[in-house]
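Coordinate analysis (summary)
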Amino acid sequence: MMTSNRPQCVAQDAAAKPFAGALPRIETIDDIKDACTRRMLVGVMTRYLEASAYTAGCGMEERNFLDEVTSMLDIRHVSMLCEGIGFKESARNGIAMLTGVGDTDLHLEMEYLDHLVESSPRMGKKLGGHLLDIGSSVGALTHETRRTYGAESVGVDIDRNAIKLGKFLGVKGLVAIEENDYALPFNDERFDAVLMRSVLNCPQADEIVVNAMIREAARVVKRDGIIIISGYTDSDDAELRRVGLVMSTSSSRLWTVWTRGDRSCAPA
Ligand SMILES: C[S@@+](CC[C@H](N)C(=O)[O-])C[C@H]1O[C@@H](n2cnc3c(N)ncnc32)[C@H](O)[C@@H]1O
């Protein structure tokens with residue numbers, strides 16, 4: 001007797017994807033209209049990124065949960081993006097800042113930036129101008145500088161998955177750049193301010209990459225612009241001075257501010 005598996009498969013598919021067909025296509029997080037669902041999705045993304053931040057193969061239980069949720073919503077690509085991100089703790093931190101779900105130390109760093117802005121109106125003007133966030137990950141600082149200072153912020157990262165996830169979360173101005181091409185896709189002297197948070201000290205960046213990033217930052221910043229860095233080391237310091245930059249006296253403990261000798265960024 002001939003039997004057919006087909007009806008059974010269809011039934012299984014339907015069971016695995018109870019909402020398939022019922023939901024509109026979701027391309028950005030704004031497409032998820034229900035705030036509870038949005039919050040739950042961010043919550044499971046965050047839990048997976050947190051669990052797998054430090055050890056490869058970790059977070060399988062969380063990954064399965066994330067798969068289940070994204071499958072239900074028909075947005076499996078979000079699960080793939082989370083898995084593909086290189087710096088998971090940075091992405092988790094960024095998502096917490098962008099969504100208000102979970103803890104993040106980025107608020108503290110924004111507070112220090114605010115102090116710098118308060119200390120010098122000139123600095124405030126730069127941070128509210130054209131701003132480049134190099135190594136933006138999902139773009140938390142790209143977004144925050146836009147929101148807080150009204151900057152025309154652009155964020156670049158070699159991690160395509162982080163950039164795509166940031167776009168999914170609604171961050172504007174994110175651009176993925178080629179990993180082996182150190183040249184930034186911007187004209188000389190395009191930006192008033194360049195921000196590099198925890199990028200020069202990132203484990204993947206050897207001396208060649210760090211020096212190339214510094215040279216490119218110096219090229220794309222205006223003559224009277226500023227470069228603001230966190231997590232810098234002595235060797236970066238040498239390269240920054242070599243390309244003609246000097247550290248401003250208005251630097252804070254968390255951020256150092258570099259200019260081409262423009263004293264007007266010093267505290268009033
Ligand atoms: C430790 S994370 C910091 C992310 C973000 N700035 C923050 O503060 O959370 C370092 C980021 O720099 C990126 N990165 C590393 N080398 C880079 C390069 N040459 N150009 C642009 N981004 C780079 C990594 O992909 C990663 O997203």
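Residues numbered from 1 in each chain as written. Predicted model: local features only at pLDDT ≥ 70, side-chain atom pairs only at ≥ 80, totals over all residues.

Here we come to the overall build of the protein. Of regular secondary structure, the protein possesses eleven helices and seven strands. The burial tally for the protein puts 40% of its 268 residues in the buried class. Sequence separation of at least 24 residues holds for 63% of the intrachain contacts in the protein that already meet a minimum separation of 6. (Helix = DSSP H or I, 4+ residues; strand = E, 2+ residues; numbered from the N terminus. Buried ≥ 20, exposed ≤ 12 C-beta atoms within 10 Å, placed from the backbone. Contact = placed C-beta atoms within 7 Å.)

Strand order in the open sheet formed by seven strands is E3-E2-E1-E4-E5-E7-E6, with mixed pairing between adjacent strands. Each having just a single partner strand, strand E3 (174-176) and strand E6 (246-247) make up the two edges of the open sheet. Bridge count between strand E2 (residues 152-157) and E3: three bridges; the pairing is parallel. Looking at the pairing, Val-156 lines up with Val-175 of E3. (Pairing = 2+ DSSP bridges.)

Attention now goes to the site of the ligand. In the vicinity of the ligand there are 23 residues, among which Ser-90, Gly-135, Ser-137, Asp-159 and Arg-197 approach most closely. By residue number, the principal contributor to the shell around the ligand is helix H5 (residues 88-99), which donates three residues. In terms of residue class, the shell around the ligand is built from eleven nonpolar, nine polar and three charged. (Near = placed C-beta within 6 Å. Nonpolar A, V, L, I, M, F, W, Y, C, P; charged D, E, K, R; others polar.)

Take helix H10 (residues 207-220) next. If you check H10, its first and last C-alpha atoms are 20 Å apart, about what 14 residues at 1.5 Å a residue would give, namely 20 Å. Here H10 has its buried residues at Val-210, Asn-211, Met-213, Ile-214, Ala-217, Ala-218 and Val-220. (Expected span 1.5 Å × (residues − 1).)

Glancing now at the pairing of strand E1 (residues 130-134). Along any regular strand, the residues point their side chains to alternate faces of the sheet. Within E1, four of the five residues are buried, which leaves the element mostly enclosed by the surrounding structure. Across five bridges, E1 lies against E2 in parallel orientation. Bridge assignment links Leu-132 to a residue of E2, and that residue is Val-154. At this point the chain moves from E1, through helix H8 (residues 140-149), to the parallel E2, and the crossover so formed is right-handed. As judged from the four bridges shared by E1 and strand E4 (residues 191-197), these two strands associate in the parallel manner. Bridging across to E4, Ile-134 finds its partner in Met-196. (Right-handed = clockwise from strand over helix to strand, strands pointing away.)

With that settled, consider the pairing of strand E7 (residues 256-259). As paired strands, strand E5 (residues 221-230) and E7 are joined by three bridges and run antiparallel to one another. In the sheet register, Ile-228 faces E7, and the bridge partner there is Val-257. Alignment of E6 against E7, held across two bridges, turns out to be antiparallel. Note on E7: the bridge partner recorded for Met-247 is Trp-258.

If a residue is not glycine, its phi is most likely negative; likewise, a peptide bond is most likely trans. The residue Glu-189 is not glycine, and still its phi comes out positive at about 55°. For Glu-189, the position within the fold is in the loop between E3 and E4. Classification of Glu-189 by C-beta neighbours within 10 Å gives partly exposed; the count is 13. In this structure, Ser-198 takes a positive phi of about 50° despite not being glycine. Summarising the element assignment, Ser-198 is placed in the loop between E4 and H10. Residue classification places Ser-198 among the partly exposed positions, given that 17 C-beta atoms sit within 10 Å.

Quick look at the confidence of the model for the protein now. Low pLDDT means the predicted coordinates in that region are not meant to be read closely. Averaged over the protein, the pLDDT score is 86; the fraction of residues at 70 or greater is 87%. Of all secondary-structure elements in the protein, the lowest mean pLDDT belongs to helix H1 (residues 6-16), at 37, while E1 reaches the highest, 98. Confidence drops under pLDDT 50 across residues 1-19; counting only partners more than four residues distant or on other chains, this segment forms three contacts. (pLDDT = per-residue confidence, 0-100.)

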